[in-house]
Number of protein chains: 2
Amino acid sequence: MPTETFFNLPEEKRQRIIEAAIDEFSRYSFHKARVTAIADNAGIAKGSFYQYFEDKKDLYKYLMETIAKKKMSYINKDMLLNRDKYGFFQLLREVFLSGIRFAKENPRLVPIGEMLLADKELLHELYGENMDRNNDFFKQLLKYGQEKGEVDPEADLDLLAHMLSVLTYSLVDLVMEDGKIDMDDMEIYDKMLYFVENGIKKR
Amino acid sequence: MPTETFFNLPEEKRQRIIEAAIDEFSRYSFHKARVTAIADNAGIAKGSFYQYFEDKKDLYKYLMETIAKKKMSYINKDMLLNRDKYGFFQLLREVFLSGIRFAKENPRLVPIGEMLLADKELLHELYGENMDRNNDFFKQLLKYGQEKGEVDPEADLDLLAHMLSVLTYSLVDLVMEDGKIDMDDMEIYDKMLYFVENGIKKR
DNA sequence: TATGAATATGACTTCATATTCATATGAATC
DNA sequence: GATTCATATGAATATGAAGTCATATTCATA
């Protein structure tokens, strides 16, 4: 947890620090990221950094929390808007698009997530056992699809959730070129959805 | 490239060095991996290391080349054995299983690949533009499937190849627990294949 | 305006590692 | 036995960051 001092900072300054951190962690993995660079970029002294955070990991954890909240609330907003109005596969499409939209609006967060995912040790340290909140999300969604009779009732939801989450991530990755996302080419999302739909629908 | 000296070394010693390197790089990312640990583990002096390799990256590149060759020849062996004898989806199954089998026989290579995949900068440095030999492999396979009339002729092979390669990797990951692979539970592979088959077959 | 508590600072220390280099060893060749 | 050449060694040096700390500055309030 950041210190009291950090939270007492004027919004603007706190924001500058967060920005600098996002910038550094989006370029470099946790281990390669440099506290010095973050401090420099935020326009604060290195000493101040340690006034605000216990250490590099403290900041990183805080950042991850913030990002996770932001993303979840973003996607849930879209979900709540469309739930019941749509069938399962349309809903899934919304979730895909919502994920892409989030990535497009926050392109720097994508590599941060990817690099964390790759560092099993760090991942475990941060999330311990409940490492798969992302999977849970898809699992709930799939269960809903089964209840509506649209998803194969025989399907292994854990495996499917895993595959969906992996596919979403890879899609974002595919559509990103040098940190920029080209969202206008809808085709690719629908191709993937077509694949997924055929793969899991009830027959 | 390793030096002449390295290649002149007795097979046994060279192997010890490679072993030690695999061991270190499977535990730590390229950047965290320590030359000292490799030298110690191989039972050579640190100075000797620099007799054999220009630097840490030199060894790493060499290792990646070796591994890629090994894996490709492993999978191709299985492919050649079964090509023509099988239909496309059976062949795909063989490739999946072959990949899993390879991972089971060389569990330490899995995290090495994953960590490299996560380090875009390093990845780019090693492979430059042709970053997707893995995708190419699946693309060829899919093309073959289309020719045999088993794969949807409308399918976007680049996208599908990408998805297959991502799914394979994630499957290996899923089936690995603490560096050990439980291969005996065939069910999960067939579930994923069932999903994939429905997703891409010609209708 | 005076005061001290809170905040800010960056030079310095520490530490873990990569890399170099002068020197040793030992086998082959003369 | 002397000379040469390839190989081996680890102490010495370089590097690059994390984290510390004594000191300076700011700011609320008495």
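Residues numbered from 1 in each chain as written. Chains lettered and ligands numbered in written order. Predicted model: local features only at pLDDT ≥ 70, side-chain atom pairs only at ≥ 80, totals over all residues. Heavy atoms only, no water.

(A) Representation of the overall build of chain A. Scanning chain A from N- to C-terminus turns up eleven helices and two strands. Seen in sequence order, chain A has helices and strands lined up from the N terminus as α-α-α-α-α-α-α-α-α-α-β-β-α. C-alpha extents for chain A along the principal axes are approximately 65 × 35 × 30 Å. The proportion of buried residues among the 203 residues of chain A is 49%. Counting only contacts in chain A whose residues sit at least 6 apart along the sequence, the fraction spanning at least 24 positions is 66%. Carbon and sulfur atoms make up 50% of the accessible area of chain A, which totals about 10,400 Å². (Helix = DSSP H or I, 4+ residues; strand = E, 2+ residues; numbered from the N terminus. Buried < 20%, exposed > 50% of the residue type's maximum accessible area, 1.4 Å probe, protein only. Contact = heavy atoms within 4.5 Å. Areas by Shrake-Rupley, 256 points an atom, 1.4 Å probe, with all protein chains shown as cover.)

(B) Local environment of the pattern of salt bridges. Throughout the structure, instances matching the rule amount to 27 salt bridges over all chains. A:Asp23 serves as the salt-bridge partner of A:Arg27, at 2.6 Å between the closest nitrogen and oxygen. On the criterion of helical spacing, the pair formed by A:Arg27 and A:Asp23 is a turn pair, its members being four residues apart in helix H2 (residues 11-27). The shortest N-O distance in the salt bridge between B:Asp119 and A:Lys32 comes to 3.6 Å. Within this pair, whereas B:Asp119 is found in the loop between helix H7 (109-118) and helix H8 (120-127), its partner A:Lys32 is found in the loop between H2 and helix H3 (35-42), the two belonging to separate chains. Here the salt bridges do not stand alone but share partners, grouping A:Glu19, A:Asp23, A:Arg27 and A:Arg108 into one network. (Salt bridge = Lys/Arg side-chain N within 4 Å of Asp/Glu carboxyl O.)

(C) Geometry of the interface of chain B and chain A. Taken together, the contacts link 29 residues of chain B with 30 residues of chain A. Buried area between chain B and chain A, summed over both chains or domains, comes out near 2,600 Å², and the portion from carbon and sulfur atoms is 68%. Our enumeration of links across chain B and chain A arrives at five salt bridges. Where chain B packs against chain A, one counts five residue pairs in polar contact (both at pLDDT 80 or more). Of all the elements in the fold, those that place two or more residues in the side of chain B that touches chain A are H7, H8, helix H10 (157-175) and helix H11 (187-200) of chain B. Residues that form the side of chain B that touches chain A fall into these classes: 14 nonpolar, five polar and ten charged. (Buried area = accessible area lost by both parts, 1.4 Å probe. Polar contact = N/O pair within 3.5 Å; in protein donor to acceptor, adjacent residues only side chain to side chain. Nonpolar A, V, L, I, M, F, W, Y, C, P; charged D, E, K, R; others polar.)

(D) Just the protein's contact with DNA strand C, in detail. Residues in contact with DNA strand C amount to 18 residues; listed here are only the nearest, A:Lys13, A:Gly47, A:Tyr52, B:Val35 and B:Tyr50. For DNA strand C, the fraction of atoms within 4 Å of the protein that belong to sugar or phosphate moieties is 68%. One of the side-chain nitrogen or oxygen atoms of A:Ser48 is found 3.2 Å away from a phosphate oxygen of DNA strand C. With respect to DNA strand C, the backbone of B:Ala33 contributes an N or O atom lying 3.1 Å from a phosphate oxygen. Among the elements that make up the surface near DNA strand C, the one with the highest residue count is helix H4 (residues 46-52) of chain A (five residues). Here the residues of the surface near DNA strand C are counted per class, giving six nonpolar, six polar and six charged. (Near = heavy atom within 4 Å.)

(E) Broad picture of the domain arrangement of chain A. All names here are of chain A. Domain annotation for chain A reports domain 1 (1-54) and domain 2 (65-200). Its C-alpha centre places domain 1 at a distance of 29 Å from the equivalent point of domain 2. Contacts between the two partners involve eleven residues from domain 1, matched on the other side by eight residues from domain 2. Of the roughly 720 Å² buried at the junction of domain 1 and domain 2 (both faces included), carbon and sulfur atoms supply 65%. (Domains from an automatic or database assignment.)

(F) Fine view of the protein's contact with DNA strand D. In the region of DNA strand D, 17 residues are neighbours, and A:Lys46, B:Lys13, B:Gly47, B:Ser48 and B:Tyr52 sit closest. Within 4 Å of the protein, the contacting atoms of DNA strand D are drawn from sugar and phosphate to the extent of 62%. Separating a phosphate oxygen of DNA strand D from a backbone N or O atom of A:Val35 is a distance of 3.2 Å. B:Gly47 is positioned with one of its backbone polar atoms (N or O) 3.2 Å from a base nitrogen of DNA strand D. Every element with two or more residues in the surface near DNA strand D is listed here: H3 and H4 of chain A together with helix H1 (4-8) and helix H4 (46-52) of chain B. In terms of residue count, the dominant contributor to the surface near DNA strand D is H4(B) (four residues).

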